[in-house]
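Residue-level structure breakdown
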Amino acid sequence: MSIIIRPAVTNDLQKILEIVNNSILHTTANYSYEIQTLEIQTKWFEDKVSKNIPVIVADLDGEVVGFGSYGQFREKIGFQYTVEHSVYVVDNIIGKGIGSKLLTELICLAKEQGYHVMIGAIDADNAGSIAFHEKFGFVATGTIREVGYKFDHWLDLVFMQLILV
């Protein structure tokens, strides 16, 4: 098993789209209801590239099996040094270290770009993701109760942060 973490390219967008849509349809890792189109995913990618925000993929023997990125935490200027990240891995590969490789690279890139804090917003019932983030030094800083609604029930959101020093 040969994993390469590399910058995403346009040809990766179809696989990224499949990963995103699986997350939308089957998990609470993504609070969206409607699946994305390739057009929407392409616009998302082009927006990231235009803002010099990395989109990275995990390439397993030539196939994209995960991706990660980050973006501005909030739009006000005072938050300019804080980013919120996302990491997604295909279901049948979760637990094999790919998410760790992606998050490690995102943390390095955020530091290189001069960011100070990285935020993870995680569904409170996702104990695996919370434990995963704790391994990287993320600390839970608060839970916002019943702010999301999906699959016919209210969802709590845990904010975790890592100070990038």
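From a predicted model like this one, the values you see are computed outputs, not experimental measurements.

1. Observations regarding the side chain of Asp 59
- Relative to the helices and strands, Asp 59 resides in strand S2 (residues 55–60).
- At a separation of 2.7 Å, a polar atom in the side chain of Asp 59 contacts the main-chain amide nitrogen of Gly 62.
- Look past the residues within four positions of Asp 59 in its chain and what remains in contact with it is Ser 2, Ile 3, Ile 4 and Arg 6.

2. Remarks on the nonpolar core
- Counting residues in hydrophobic clusters, the biggest one holds 38 residues, and the most contacted among them are Ile 16, Tyr 70 and Met 118.
- Those elements giving two or more residues to this core turn out to be helix H1 (13–26), S2, strand S3 (63–72), strand S4 (82–89), helix H3 (98–112), strand S5 (117–123) and strand S7 (153–163).
- Take this core: its biggest share by element is seven residues, from H3.
- In this structure Tyr 70 touches Lys 48, Ile 53, Pro 54, Val 83, Glu 84, His 85, Leu 106, Leu 109, Ala 110, Gln 113, Tyr 115 and Met 118, once residues within four positions along its chain are discounted.

3. Details of the UniProt feature "domain: N-acetyltransferase" (unreviewed entry) in the protein chain
- The UniProt feature table records "domain: N-acetyltransferase" (unreviewed entry) at residues 3–161.
- Helix makes up 32% of residues 3–161 and strand makes up 36%, while its end C-alpha atoms are separated by 27 Å.

4. Quick look at the packing of aromatic side chains
- Under the defined criterion, the tally for this structure stands at seven aromatic pairs.
- Taking the centre distance of 6.0 Å and the plane angle of 80 degrees together, the rings of Trp 44 and Phe 67 count as edge-to-face. Of this pair, Trp 44 sits in helix H2 (residues 38–50) while Phe 67 sits in strand S3, placing them 23 residues apart in sequence.
- Classification of Trp 44 as partly exposed rests on a relative accessible area of 26%.
- The class for Phe 67 is buried, based on a relative accessible area of 3%.
- Between the aromatic rings of Tyr 149 and Trp 154, the centroid separation amounts to 4.8 Å while the plane-to-plane angle is 65 degrees, which identifies the pairing as edge-to-face.
- Owing to a relative accessible area of 36%, Tyr 149 belongs among the partly exposed residues under this scheme.
- For Trp 154, a relative accessible area of 51% puts it in the exposed group.

5. Section: unusual backbone geometry
- Its identity is not glycine, yet Phe 151 carries a phi of approximately 55 degrees, on the positive side.
- With respect to the helices and strands, Phe 151 occurs in the loop between strand S6 (139–150) and S7.
- What makes Phe 151 partly exposed here is its relative accessible area of 40%.
- Positive phi is not limited to glycine here, since Asp 152 has a value of about 65 degrees.
- Mapped onto the elements, Asp 152 comes out in the loop between S6 and S7.
- For Asp 152, a relative accessible area of 68% corresponds to the exposed category.

Definitions and limits used
Residues numbered from 1 in each chain as written. Predicted model: local features only at pLDDT ≥ 70, side-chain atom pairs only at ≥ 80, totals over all residues. Heavy atoms only, no water. Helix = DSSP H or I, 4+ residues; strand = E, 2+ residues; numbered from the N terminus. Polar contact = N/O pair within 3.5 Å; in protein donor to acceptor, adjacent residues only side chain to side chain. Contact = heavy atoms within 4.5 Å. Core = buried A, V, L, I, M, F, W, Y, C linked by side-chain atoms within 4.5 Å. Buried < 20%, exposed > 50% of the residue type's maximum accessible area, 1.4 Å probe, protein only. UniProt positions renumbered as here; feature names shortened; annotations may be inferred. Phe/Tyr/Trp six-rings, centres within 6.5 Å; stacked < 30°, edge-to-face > 60°.

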